[in-house]
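Remarks on the overall topology
The lines below spell out each chain.
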Amino acid sequence: MNRILLMGPPGAGKGTQAGRLAEELRVPHIATGDMLRAEVASGSELGKKARSYMDAGEYVPDDLVIAMLSERISRADARRGFVLDGFPRTLPQARALTDRLGNEDLDVVVYLEVPETEIVRRISGRRSCPQGHVYHVEDNPPETEGTCDVDGEPLYQREDDGEEVVRNRLRVYREQTQPVVEFYRGKGLLREVDGTGHPDEVQKRILEVL
Ligand code: AMP
C-alpha cells in the first residue's frame, strides 16, 4: 500500500501522522496546506490568489488546488506512491483525483477521528516553525519556549489558527469535506482510526489498519 490519503478535521493530526507514515514508507508527504503556505511566502501569483481565502479559513478555489496537486503528483518522486494530506477537501477535488489516478486509484483512506472540543484545544495550542515543524504548547512543547528544536527558528501561531477562524474552518470542513469522507466510504476505501492520545499511539493504530 503506497497511495494513501489521510483525512480528518483540522487539528486531527493529519500533518504529524502523514509525515511519519511517508517516512516509514519512503514516499513523499504531499500536503496542499504546506504547499500553499510556501506559495504565499514566496509571493508567487498562486500565493497572492490563495492568501485571502486561507486567512479567512475558506477553501482556495478547486481549479487552483487541483492544478497544483496534479503537477506535484506527476513528479518522479511520487511514482512509487505518496501520502496525501489536506487534499481532496471537496467533491470536485475528489473526482478530479480519481480521474487523474485512473486505474492506479488510492489504496486506502485513513480517517482520523477527534472530538471537536479536543480539536479546538489542539489548534489553539499549536505553534509552527517556518520550515514546517509543528509543536503544541502543552502536548509537545519545544525545549526552548518559542524556538524550533530542529532548526532554531522562531515559532509562530498560524494566521488561521485563531479562535474565530478555527470555528469557520470547522464549519467549512463539515459542509464541504464531510461529503468527501462519504465518497470514499462508498468506494470501500475508508478506514476510521481513533486520533486521540499520544502521536505514537495514533501512529500504531494507523499502521495496524494498513
Ligand atoms: P491545512 O494546512 O491543510 O490546514 O490548510 C490550510 C489552508 O490552506 C486551508 O484552510 C485552506 O484555505 C487551504 N487549503 C489547503 N488544502 C486545500 C484544498 N485541498 N482545497 C482548498 N483549500 C486548501
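Once a new chain begins, its residue numbering starts again from 1 and follows that chain's sequence as written. pLDDT decides what is reported in this predicted model: residues at 70 or higher carry local features, side-chain atom pairs at 80 or more are listed and counted, and totals for whole chains, interfaces and linings draw on all residues regardless. Side-chain calculation: all heavy atoms of the structure are included, whereas hydrogens and water are not.

Here Phe87 and Pro88 are connected by a cis peptide whose omega angle stands at 0°. Only runs of H or I of at least four residues qualify as helices and only runs of E of at least two qualify as strands under DSSP, and these elements are numbered from the N terminus. Looking at the element boundaries, Pro88 is found in the loop between β3 (82-85) and α5 (91-101). The phi dihedral of Arg26 falls on the positive side, at around 55°, and the residue is not glycine. As for its position among the elements, Arg26 is in the loop between α1 (14-25) and β2 (29-31).

What follows concerns the pairing of β3. Residues of β3 alternate between two faces, with Phe82 and Leu84 on one and Val83 and Asp85 on the opposite face, all of them buried. Of the pairings in the sheet, the one linking strand β1 (residues 3-7) to β3 comprises 4 bridges and is parallel in character. Bridged to Arg3 within β3 is Phe82. Per-residue accessibility, obtained with a 1.4 Å probe over protein chains only, is compared with the maximum for each type, and a residue is labelled buried under 20%, exposed over 50%, and partly exposed between these values. A strand pair is defined by DSSP finding two or more bridges across the two strands.

Time to look at the site of the ligand. Around the ligand lies a shell of 16 residues, among which Thr32, Arg37, Glu58, Gly86 and Arg89 are the nearest. Contact between the ligand and Arg37: an oxygen atom at 2.9 Å from a side-chain N or O atom of the residue. Methods summary: accessible areas were calculated by the Shrake-Rupley approach with a probe of 1.4 Å, and residue burial reflects only the protein chains presented. Calculation on the ligand without its partners gives an accessible area of 480 Å², and the protein chains cover 95% of this total. It is helix α2 (residues 32-42) that provides the largest number of residues to the shell around the ligand, a total of 4 residues. Taken together, the residues of the shell around the ligand sort by class into 6 nonpolar, 4 polar and 6 charged. Being near a molecule or strand, for a residue, comes down to having at least one heavy atom within 4 Å of it. Polar contacts, as used here, are pairs of N or O atoms within 3.5 Å; protein pairs need one atom able to donate a hydrogen and one able to accept it. Residues neighboring in sequence count only if both atoms are side-chain atoms. Three classes are used: nonpolar for Ala, Val, Leu, Ile, Met, Phe, Trp, Tyr, Cys and Pro, charged for Asp, Glu, Lys and Arg, and polar for all others, with Gly counted as polar.

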